[in-house]
Amino acid sequence: MSAWTADGAVPTAALSPAGDWWRHAVIYQVYPRSFADFNGDGFGDIAGLRGSLWYLQELGVDAIWITPWYASPLKDGGYDVADYRSIHPDLGTIEEAEALIAEANAVGIHTIVDVVPNHVSSAHEWFVEALAAAPGSPARSRFWFRPGRGTKGDIRPNDWVSEFRGDTWTRTAGPDGSPDEWYLHLFTPEQPDLNWAHPEVRAEHEAVLRFWFDRGVSGVRIDSAALLAKDEDLPELPVDPAAGSHPYVDRDDVHDVYRAWRTVADSYPDPKLLVGEVWLPDVARFAQYLRPDELHTAFNFDFMTRPWKACDLRESIETTLCCHRLVEAPPTWVLSNHDVTRPVTRYGRADTAFSFATRRFGTPSDLALGTRRARAAAMLIAALPGSLYIYQGDELGLPEVELPLEAIVDPMHFRSGGVDPGRDGCRVPLPWTSSGPSFGFSRGDAPAWLPQPAGWGDYAVASQRDDADSMLALYRWVLGVRRHEPALATDVVTWVDRGSSALSFHRGTPDTGQLECLVNFGPGPVPIPPEHQLLLSSQTIRNNQVEPDDAVWLRPPTSR
Ligand code: TEU
């Protein structure tokens, strides 16, 4: 069988001009191993992405962010990078990556690649060299090697807890096999942390940025961006650290790194975009990363993790708009990514918030309800000012998959002692056709690298593409209206009172024309206000009412 392909002509478009395209962009996150497999081995590849650009054009995105595609032992889905200048052989070659970037650029799609500066793979040549070198050697000083505590050195240097749970130190062995120093890893032992006080670490990453910028990428997504700088004494965690004084989260000197990166990014004629993965509860500290000489944007995890409640989401929107305004950075809106539970599943649960700490097997979800809410959520975020991120498959309404235990590969699952199902459930390969051995994901007969559940074909691109009621059709409408609607190009958000269970705001001004977005979070219907023209709705509107968990975009009567 062959993968389903578009029959229509592929429209051509020029890349949007230099400048601040990213302020209003729709950025589609590609997890390449799970997107499309054209060489037929069961792993998605660059060929599959190149051959599917038509789909992203049709969807109407401005850019793609590609999660790590580099050489890697895959101990953490590629976030253990062994070599930034080569592509993992399952995915393709550096020449194919260059061709993809050029082809995407030619059809108006910017490319963003992932950079993982906090750590490298234990297979990276620097770490291999460090292990072979003696304690105190220059090769070890690029990492955090320390002697253990206690008379035998067999107690780890401190008790920091891994971002993936468990401890953060692994003991090495000397050439004769005897126990030696320990090294720090905030994630898995196969991801040793780099020492960002070391000039070679800084220089190498700036060279990596140039390597990819020179190949035509428009920006980088920066992994775990707030974790790089460390207190060189590696002290135990204080009980209640003051902002900026935590031993490794959000230290003040991390900003020097991004100021230097901004200089690199701005040295190009078409300035390059820096997008930070910054998980910080303190919005004022978060905003500091977005000062004019640092990152351009950062993911809005506050909004992403909130429950499906009008007051919570309104509070998050207000805080977001306010903290970004202070530094004149555009907000971003994110419903999910490759680390978190899919929205249609999350929004159908009793607890609709997201937290890494509470993920459990067998959590029930009402998928019909979750899907209804995810449709409304897509309309809500697309109506807000700033840029949007869409994680691959959310536009198809894919649910989180609970994989059989033997299929799980995510270290988060294993490091939780098997309690947390981990993140594989949102990384299951996309269905392109309603039938076939891998639902069109693979052009060969190899099974998809993560098993697709029965019924996966119901979500296929081919089945949704011509169905006006599908999630895919809704996303295309939403992005199409967003692209052309002058009211949505402004920064103006004016709240409108439609009752306590609705969230409603106007965009635009009398000059641009206005658009009202109304989302109903309550148990009963909300009437469409008189004389408002319906532009778009997340469900078919009956009796002029917005039903619970639905959203509408309206044209107010005084507008235009
Ligand atoms: O995720 C970072 C990550 O896991 C942290 O956000 C962490 O959960 C947070 O600091 C908790 O406060 C990125 C990638 O998105 C993920 O896929 C990788 O596994 C991870 O980095 C390690 O590179």
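Draft legend 1. Representation of the environment of L535. Inspection of the secondary structure puts L535 in strand 18 (residues 533-537). Judged by its relative accessible area of 30%, L535 falls in the partly exposed class. The spatial distance from the C-alpha of L535 to the C-alpha of R555 is 6.7 Å, given a sequence separation of 20 residues. When sequence neighbours within four positions are dropped, the list of residues in contact with L535 reads L515, W553, L554 and R555.

Draft legend 2. Seen up close, the nonpolar core. Within the largest apolar cluster, 141 residues are counted, with the highest numbers of intra-cluster contacts made by Y28, W69 and W212. Ranked by residue count, the leading element in this core is helix 11 (residues 367-382), at eight residues. Membership of the second largest hydrophobic core comes to twelve residues, among which are W160, W169, W182 and L227.

Draft legend 3. Spotlight on the sheet that holds strand 6 (residues 145-146). Here three strands make up an open sheet; going across it, the order is 6-8-7 and the pairing antiparallel. Every interior strand has two partners, whereas the edge strands, strand 6 and strand 7 (169-173), have only one.

Draft legend 4. Structural context of helix 11. For helix 11, with 16 residues, the first-to-last C-alpha span of 22 Å sits near the 22 Å given by 1.5 Å per residue. G370, R373, A374, R375, A376, A377, A378, M379, L380, I381 and A382 are the residues of helix 11 that are buried. The backbone nitrogen of A368 has a side-chain oxygen 3.2 Å away, supplied by the residue at the start of helix 11, namely D366.

Draft legend 5. Spotlight on the sheet that holds strand 14 (residues 493-495). What the five strands build is an open sheet, ordered 14-15-16-20-18; its pairing is antiparallel. Looking along the sheet, the strands with just one partner apiece sit at the ends: strand 14 and strand 18. Put simply, the sheet's adjacent strands are angled 25° from each other on average, direction ignored. Sheet analysis places strand 15 (residues 502-509) next to strand 16 (residues 513-520), joined by eight bridges and oriented antiparallel. Looking at strand 16, one finds that H506 is bridged to E516. Where helix 11 meets the sheet, it contacts strand 15, strand 16, strand 18 and strand 20 (551-555), and its direction lies at approximately 40° from that of strand 20.

Draft legend 6. Local environment of the confidence of the model for the protein. Mean pLDDT for the protein: 95, with 96% of residues reaching 70 or above. At the low end of the mean pLDDT range in the protein sits helix 7 (residues 283-288), at 95; at the high end sits strand 1 (residues 26-30), at 99. Taken together, the stretch residues 1-17 has pLDDT below 50 and engages in 34 contacts with residues farther than four places along the chain or on a different chain.

Draft legend 7. Representation of the site of the ligand in the model. By nearness alone, 18 residues border the ligand, and D76, E163, D223, W279 and D339 come closest of all. Within the contact set of the ligand, an oxygen atom lies 2.6 Å away from a side-chain nitrogen or oxygen of D76. For the ligand, an oxygen atom lies 2.9 Å from a polar atom in the side chain of H338. Relative to its free-state accessible area of 510 Å², the ligand is covered by the protein chains to the extent of 88%. Cavity membership is defined here by more than half of the atoms lying within 2 Å of grid points; on that basis the ligand lies in the largest pocket. Among the residues making up the shell around the ligand, the classes are represented as six nonpolar, four polar and eight charged.

Draft legend 8. Molecular detail of the layout of surface pockets. Counted as a void, the largest pocket has a volume near 820 Å³. Forming the walls of the largest pocket are 36 residues, and the residues nearest its centre are E163, F187, L227, W279 and F356. Taken together, the residues that form the lining of the largest pocket break down as 16 nonpolar, seven polar and 13 charged. Counting residues domain by domain, the lining of the largest pocket receives three or more from each of domain 1 (21-116 + 300-479) and domain 2 (125-184). Here the second largest pocket is characterised by a volume of approximately 280 Å³. Lining of the second largest pocket is provided by 14 residues; of these, A329, P330, P331, P385 and D491 occupy positions nearest its centre. A per-class count over the lining of the second largest pocket returns six nonpolar, four polar and four charged. There are two domains that each give the lining of the second largest pocket at least three residues, and those are domain 1 (21-116 + 300-479) and domain 3 (488-559).

Draft legend 9. How the structure looks around the pattern of salt bridges. By the definition in use, this model includes 41 salt bridges. Across the pair E103 and R50 runs a salt bridge, and its minimum N-O distance is 2.7 Å. Of this pair, E103 sits in helix 3 (residues 94-106) while R50 sits in helix 1 (residues 46-50), placing them 53 residues apart in sequence. Using a relative accessible area of 29% as the deciding quantity, one classes R50 as partly exposed.

Draft legend 10. Structural detail: the packing of helix 5 (residues 199-214) against helix 6 (residues 254-266). Two elements in contact, helix 5 and helix 6, have axes separated by 10 Å at closest approach and are oriented at 30°. Between helix 5 and helix 6, the crossing angle belongs to the class labelled roughly parallel. The handedness of the crossing between helix 5 and helix 6 is right-handed. Within the contact between the two elements, helix 5 uses R202, H205, E206, L209, R210 and F213 and helix 6 uses D256, V257, A260, W261, V264 and A265.

Draft legend 11. Structural context of helix 14 (residues 471-484). Here helix 14 is 14 residues long and its end C-alpha atoms lie 20 Å apart, about the 20 Å a rise of 1.5 Å per residue gives. Those residues of helix 14 lying buried are M471, L472, A473, L474, Y475, V478, L479 and R482.

Draft legend 12. Looking closely at the domain arrangement of the protein. For the protein, the assigned domains are domain 1 (21-116 + 300-479), domain 2 (125-184) and domain 3 (488-559). For domain 1 versus domain 2, the distance between C-alpha centres works out to 35 Å. In this assembly, ten residues from domain 1 lie in contact with seven residues from domain 2. In this assembly, domain 1 packs against domain 2 so that about 580 Å² is buried in total across both faces, 45% of it on carbon and sulfur atoms. The largest contributions to the domain 1 side of the interface with domain 2 come from M412, R415 and S416, which together make up 66% of the buried area. At the boundary of domain 1 and domain 2, one finds zero salt bridges. Seen at the junction of domain 1 and domain 2, the total is two residue pairs in polar contact (both at pLDDT 80 or more). Considered class by class, the residues forming the side of domain 1 that touches domain 2 number five nonpolar, one polar and four charged.

Reading guide: rules and limits
Residues numbered from 1 in each chain as written. Predicted model: local features only at pLDDT ≥ 70, side-chain atom pairs only at ≥ 80, totals over all residues. Heavy atoms only, no water. Helix = DSSP H or I, 4+ residues; strand = E, 2+ residues; numbered from the N terminus. Buried < 20%, exposed > 50% of the residue type's maximum accessible area, 1.4 Å probe, protein only. Contact = heavy atoms within 4.5 Å. Core = buried A, V, L, I, M, F, W, Y, C linked by side-chain atoms within 4.5 Å. Pairing = 2+ DSSP bridges. Expected span 1.5 Å × (residues − 1). Polar contact = N/O pair within 3.5 Å; in protein donor to acceptor, adjacent residues only side chain to side chain. Axes fitted to C-alpha atoms, helices over the stretch in contact; angles between N-to-C directions. pLDDT = per-residue confidence, 0-100. Near = heavy atom within 4 Å. Areas by Shrake-Rupley, 256 points an atom, 1.4 Å probe, with all protein chains shown as cover. 1 Å grid on protein atoms, 1.4 Å probe; cavity = no way out; pocket = protein on both sides within 12 Å on 5 of 7 lines; lining within 4 Å. Sits in = over half its atoms within 2 Å of the grid points. Nonpolar A, V, L, I, M, F, W, Y, C, P; charged D, E, K, R; others polar. Points joined across faces, edges and corners; volume = space filled by probe spheres on them. Domains from an automatic or database assignment. Salt bridge = Lys/Arg side-chain N within 4 Å of Asp/Glu carboxyl O. Parallel < 35°, antiparallel > 145°, perpendicular 65-115°, else oblique. Left-handed = near helix turned anticlockwise from the far one by under 90°. Buried area = accessible area lost by both parts, 1.4 Å probe.

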